[in-house]
Amino acid sequence: MSQLIPGVQPCNVGLLLAYVFNLHWNSRTKATPQSFGADRFDDDHAEERKQKLFYFNWWNIALSRRLFLGTAVIVYIEDNVSWGVAGLILTITMAIAMATFYMGNPHHRHGLPEGSGMAPMLQVLGCS
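It should be emphasised that the depicted structure is a prediction, and the values quoted were computed from it without experimental measurement.

**Thoughts on the overall build of the protein chain**
Here is step 1 of the chain: What the protein chain contains, in helices and strands, is 5 helices and 0 strands.
Here is step 2 of the chain: When its helices and strands are written in sequence order, the protein chain yields α-α-α-α-α.
Here is step 3 of the chain: In the protein chain, buried positions account for 13% of the 128 residues.
Here is step 4 of the chain: Residue pairs in contact within the protein chain that sit at least 24 positions apart in sequence constitute 43% of those at least 6 positions apart.

Here it is as structure tokens:
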């Protein structure tokens, strides 16, 4: 790669590839938390539709900030300060995220399960 683009070092290419794969992975596999958060809005009400758009805007902003912090800031702290400090930052961040989730839990609509829990799993198994 450094022969094609002058000034590019192998470690820069590795970080870039890690960032690209991280973006790709998060854009394809993280649908469940978004839909869980969207369940608290009713599409039949205009005000709640606006709030749903607001929610998804903030969701995407938070996702991009999380990717930046995880791939740049935390790695920098691990390399230049210590793994312990980085671990402490990640632990505090996870605690804040869990507290936020539990504080928002009363605002979610909790529907009662309908039918068998095995039916959707068997449908997925059959389709695959």
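**What to know about helix 4 (residues 83–104)**
Here is step 1 of the chain: A rise of 1.5 Å per residue sets the reference length of helix 4, with its 22 residues, at 32 Å; its end C-alpha atoms lie 31 Å apart and thus fit the reference within 8%.
Here is step 2 of the chain: In this structure Ser82 caps helix 4, since a side-chain oxygen of it lies 3.3 Å from the backbone nitrogen of Gly84.

**Quick look at the UniProt feature "transmembrane region" (unreviewed entry) in the protein chain**
Here is step 1 of the chain: Residues annotated by UniProt as "transmembrane region" (unreviewed entry) correspond here to residues 83–103.
Here is step 2 of the chain: Split by type, residues 83–103 is 100% helix and 0% strand. Its first and last C-alpha atoms lie 30 Å apart.

**With respect to the environment of Ala72**
Here is step 1 of the chain: Summarising the element assignment, Ala72 is placed in helix 3 (residues 46–80).
Here is step 2 of the chain: Separated by 53 residues in the primary sequence, Ala72 and Tyr19 have C-alpha atoms spaced 9.1 Å apart.

**Structural notes on the environment of Gly70**
Here is step 1 of the chain: Structurally, Gly70 is set in helix 3.
Here is step 2 of the chain: Separated by 51 residues in sequence, Gly70 and Tyr19 place their C-alpha atoms 9.6 Å apart.

**A closer look at a nonpolar patch on the surface**
Here is step 1 of the chain: A cluster of nonpolar residues, Met94, Met98, Phe101 and Tyr102, forms a patch on the protein surface that exposes about 450 Å² of accessible area.
Here is step 2 of the chain: In this fold, Met98 is placed in helix 4.

**Considerations on the packing of helix 3 against helix 4**
Here is step 1 of the chain: At a minimum axis distance of 7 Å, the contact between helix 3 and helix 4 shows a crossing angle of 150°. Classified by the angle their axes make, helix 3 and helix 4 are roughly antiparallel. Side by side, helix 3 and helix 4 meet where Ile74, Ile77 and Glu78 of the first sit next to Trp83, Val85, Ala86, Ile89 and Leu90 of the second.
Here is step 2 of the chain: Taken together, the residues of the contact of helix 3 with helix 4 sort by class into 7 nonpolar, no polar and 1 charged.

Rules of the game
- Residues numbered from 1 in each chain as written.
- Predicted model: local features only at pLDDT ≥ 70, side-chain atom pairs only at ≥ 80, totals over all residues.
- Heavy atoms only, no water.
- Helix = DSSP H or I, 4+ residues; strand = E, 2+ residues; numbered from the N terminus.
- Buried < 20%, exposed > 50% of the residue type's maximum accessible area, 1.4 Å probe, protein only.
- Contact = heavy atoms within 4.5 Å.
- Expected span 1.5 Å × (residues − 1).
- Polar contact = N/O pair within 3.5 Å; in protein donor to acceptor, adjacent residues only side chain to side chain.
- UniProt positions renumbered as here; feature names shortened; annotations may be inferred.
- Patch = residues over 30% accessible without salt bridge, like charges linked within 9 Å, V, L, I, M, F, W, Y side chains within 5 Å.
- Areas by Shrake-Rupley, 256 points an atom, 1.4 Å probe, with all protein chains shown as cover.
- Salt bridge = Lys/Arg side-chain N within 4 Å of Asp/Glu carboxyl O.
- Axes fitted to C-alpha atoms, helices over the stretch in contact; angles between N-to-C directions.
- Parallel < 35°, antiparallel > 145°, perpendicular 65-115°, else oblique.
- Nonpolar A, V, L, I, M, F, W, Y, C, P; charged D, E, K, R; others polar.

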